[in-house]
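Residues per chain are reported as follows:
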Amino acid sequence: AQKVTQAQTEISVVEKEDVTLDCVYETRDTTYYLFWYKQPPSGELVFLIRRNSFDEQNEISGRYSWNFQKSTSSFNFTITASQVVDSAVYFCALSAARDGNNRKLIWGLGTSLAVNP
Amino acid sequence: NAGVTQTPKFRILKIGQSMTLQCTQDMNHNYMYWYRQDPGMGLKLIYYSVGAGITDKGEVPNGYNVSRSTTEDFPLRLELAAPSQTSVYFCASSSTGGSGANVLTFGAGSRLTVL
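Parameters at a glance
Residues numbered from 1 in each chain as written. Chains lettered and ligands numbered in written order. Predicted model: local features only at pLDDT ≥ 70, side-chain atom pairs only at ≥ 80, totals over all residues. Heavy atoms only, no water. Disulfide = S-S within 2.5 Å. Helix = DSSP H or I, 4+ residues; strand = E, 2+ residues; numbered from the N terminus. Phe/Tyr/Trp six-rings, centres within 6.5 Å; stacked < 30°, edge-to-face > 60°. Buried < 20%, exposed > 50% of the residue type's maximum accessible area, 1.4 Å probe, protein only. Lys NZ or Arg CZ within 6 Å of the ring centre and 35° of its normal. 1 Å grid on protein atoms, 1.4 Å probe; cavity = no way out; pocket = protein on both sides within 12 Å on 5 of 7 lines; lining within 4 Å. Points joined across faces, edges and corners; volume = space filled by probe spheres on them. Nonpolar A, V, L, I, M, F, W, Y, C, P; charged D, E, K, R; others polar.

K.L.:
Tell me about the state of the cysteines, and name the residues and values.
P.N.:
All names here are of chain A. In the structure shown here, the tally under the stated rule is two disulfides over all chains. With its sulfur 1.9 Å from that of its partner, Cys-23 forms a disulfide with Cys-92. Given an S-S torsion of about -65°, the disulfide between Cys-23 and Cys-92 has left-handed geometry. Taken as a pair, Cys-23 in the loop between strand E3 (19–21) and strand E4 (24–26) and Cys-92 in strand E10 (residues 88–96) lie far apart in primary sequence, 69 residues in all.

K.L.:
Let's hear about the packing of aromatic side chains: which residues, and what values?
P.N.:
In this structure the tally under the stated criterion is 20 aromatic pairs over all chains. With a centroid separation of 6.2 Å and 55° between ring planes, the pair formed by Tyr-33 of chain A and Phe-35 of chain A is classed as tilted. Both rings, one in Tyr-64 of chain B and one in Tyr-89 of chain B, keep their centres 5.8 Å apart while their planes meet at 65°; by these two values the pair is edge-to-face. Of this pair, Tyr-64 of chain B sits in strand E7 (residues 64–66) while Tyr-89 of chain B sits in strand E9 (residues 87–94); the two residues are 25 residues apart in sequence, bridging distant segments of the chain. A relative accessible area of 4% places Tyr-64 of chain B in the buried class. Three or more aromatic residues joined by ring pairs make a cluster, and in this case those are Tyr-33, Phe-35, Tyr-37, Phe-47, Phe-91 and Trp-107 of chain A together with Tyr-33, Tyr-35, Phe-90 and Phe-106 of chain B. Positioned above the aromatic ring of Phe-74 of chain B is the side chain of Arg-68 of chain B, whose terminal nitrogen or guanidinium carbon lies 6.0 Å from the ring centre.

K.L.:
So what about the layout of surface pockets? Which residues, and what values?
P.N.:
Here the largest pocket is characterised by a volume of approximately 660 Å³. Every residue lining the largest pocket is counted, 35 residues in all, and those nearest its centre are Gln-39 and Gly-43 of chain A together with Gln-37, Val-88 and Arg-111 of chain B. Sort the elements by how many residues they give to the lining of the largest pocket and strand E11 (residues 110–114) of chain B lands first, with four residues. By residue class, the composition of the lining of the largest pocket is 14 nonpolar, 16 polar and five charged. Roughly 240 Å³ of internal volume is contained in the second largest pocket. Surrounding the second largest pocket, 15 residues form its lining, Leu-105, Ile-106 and Trp-107 of chain A together with Leu-43 and Glu-59 of chain B being those nearest its centre. Looking at the lining of the second largest pocket, the elements that each hand over two or more residues are strand E11 (106–107) of chain A together with strand E5 (43–51) of chain B. If you tally residues by element for the lining of the second largest pocket, the top one is E5 of chain B, at three residues.

None of the figures reported here should be taken as evidence of function without further support.
Here you go:
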């Protein structure tokens, strides 16, 4: 069975702090995708990153970075020097690469991040 | 480029009423989806479609219907609204391959309240 666990329900930090959002996944598939999506207070869902299971290189995009470790089945998301605009709910998701229609896209329950000035 | 457009943004229904949530996308994506999001429960797939004329059930299809007569449009119909259908509904689409494979583009959401 596939599963995504985001153990941190809520995180509160002060602006400029670094913060890491954890994502642990379970799957029996050898080829899969992992995703992060952001849902700001306005409510829309925005794609941040997709990582396939064969690419364990860490990814950095500005203040955002992602650490993918198959050995621990984790795909953690770090925001460096957090800003108020980073306040949002962040979702981690998993799909088997053969599930091209996303029918079995598994979502975590999300981590609500509050960045306080 | 509008992306995925959902209407209405807000709606209040009485129990037993019917309504249709509209969704259209202009990215020529073959795949389209309807999700519902309840507080603290993440996203649950209601229905999806892999192309015009083809639809299939997701995780929570009861009480809903869909159709896909064109690539662009994927309306979601609630036939007999119930309080359990109070939720935020998201339409999404994705392409079939390449760098966008499996990546969902979402609409802005429709908040539905059934009283």
